[in-house]
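# Notes for the structure review
So you can see what is in the structure, the chains are spelled out below.
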Amino acid sequence: MSESPPRFPATRCADCGLLYGHEAYICRECGSETFAEAPLDGTGTVYARTTIRVPGSDQQGEEPFEVAVVDVGGEETVRVTARLEENPELGPDDPVEFVDRRDGVFYFRAA
Ligand SMILES: [Zn+2]
């Protein structure tokens, strides 16, 4: 049995149902400030990837590292910015899976 990745901790606007990957405080669609947890399937695909060689001050010393835009969710997806673990050579449409969120940063790895 293969181990399935942890659920991705998305949230959903309680009023209009729009999905959010990154934390939202005001819905950009309807202006609601009420959100509900909406865990998604932790599998996803890479939309775009880039290598960070000159990081911001809070990530000094970790460079170079891989940052990707990932579509995560399964049937219903949400697009998030994430770090890729182990600097895999992933490109668009490659499968990835959610690992966890540390210090507000989502981590994915090759699936
Ligand atoms: Zn809304």
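See the structure printed just above.
Residues numbered from 1 in each chain as written. Predicted model: local features only at pLDDT ≥ 70, side-chain atom pairs only at ≥ 80, totals over all residues. Heavy atoms only, no water.

Attention shifts here to the sheet that holds strand 5 (residues 65-72). The strand order around the closed barrel formed by five strands is 4-5-6-8-7, and the pairing between neighbours is mixed. Looking at each pair of strands side by side, their axes are set apart by 45° on average, direction ignored. As paired strands, strand 5 and strand 6 (residues 78-84) are joined by seven bridges and run antiparallel to one another. From the neighbouring strand, V72 faces strand 6, where its bridge partner is V78. (Pairing = 2+ DSSP bridges. Helix = DSSP H or I, 4+ residues; strand = E, 2+ residues; numbered from the N terminus. Axes fitted to C-alpha atoms, helices over the stretch in contact; angles between N-to-C directions.)

All right, on to the packing of aromatic side chains then. Per the counting criterion, the structure on display carries six aromatic pairs. When the centroid spacing of 5.5 Å and the interplanar angle of 85° are considered together, the rings of Y20 and F35 count as edge-to-face. Of this pair, Y20 sits in strand 2 (residues 19-20) while F35 sits in strand 3 (residues 35-37), placing them 15 residues apart in sequence. An aromatic cluster of three or more residues is present, and its members are F8, F98, F106 and F108. Between R79 and the ring centre of Y47, over which it is positioned, the NZ or CZ distance is 3.6 Å. (Phe/Tyr/Trp six-rings, centres within 6.5 Å; stacked < 30°, edge-to-face > 60°. Lys NZ or Arg CZ within 6 Å of the ring centre and 35° of its normal.)

Before going further, it helps to examine the coordination of the zinc ion. For the zinc ion, the protein coordination sphere consists of C13 (SG), C16 (SG), C27 (SG) and C30 (SG), at 2.3 Å. Note on C13: relative accessible area 2%, which makes it buried. (Donors = N, O, S within 2.8 Å, 3.2 Å for Na, K, Ca; no water. Buried < 20%, exposed > 50% of the residue type's maximum accessible area, 1.4 Å probe, protein only.)

Of all seven residues in strand 6, five are buried; the element is thus mostly enclosed. Turn length for the strand 5-strand 6 hairpin, with the two strands adjacent in sequence and antiparallel, is five residues, and the turn residue G73 shows positive phi of about 145°. Bridge count for strand 6 against strand 8 (residues 105-110) is three bridges, and the pairing is parallel. Bridge pairing in strand 8 links L84 to F108.

Let's shift gears to the side chain of E85. Note on placement: E85 falls in the loop between strand 6 and strand 7 (95-102). What makes E85 buried here is its relative accessible area of 17%. A polar contact is formed between the side chain of E85 and the side chain of R102, at a distance of 3.1 Å. Those residues in contact with E85 that sit more than four places away from it in its chain are V99, R102, Y107, F108 and R109. (Polar contact = N/O pair within 3.5 Å; in protein donor to acceptor, adjacent residues only side chain to side chain. Contact = heavy atoms within 4.5 Å.)

A few words now on the nonpolar core. The biggest cluster of nonpolar side chains holds 18 residues, and the ones touching the most others in it are F8, V70, V80 and F108. Taken together, the elements giving at least two residues each to this core come down to strand 5, strand 6, strand 7 and strand 8. The dominant element in this core, judged by the number of residues it contributes, is strand 6, at four residues. Apart from the residues within four sequence positions on either side, V80 is in contact with F8, G21, H22, A68, V69, V70, V72, F106 and F108. (Core = buried A, V, L, I, M, F, W, Y, C linked by side-chain atoms within 4.5 Å.)

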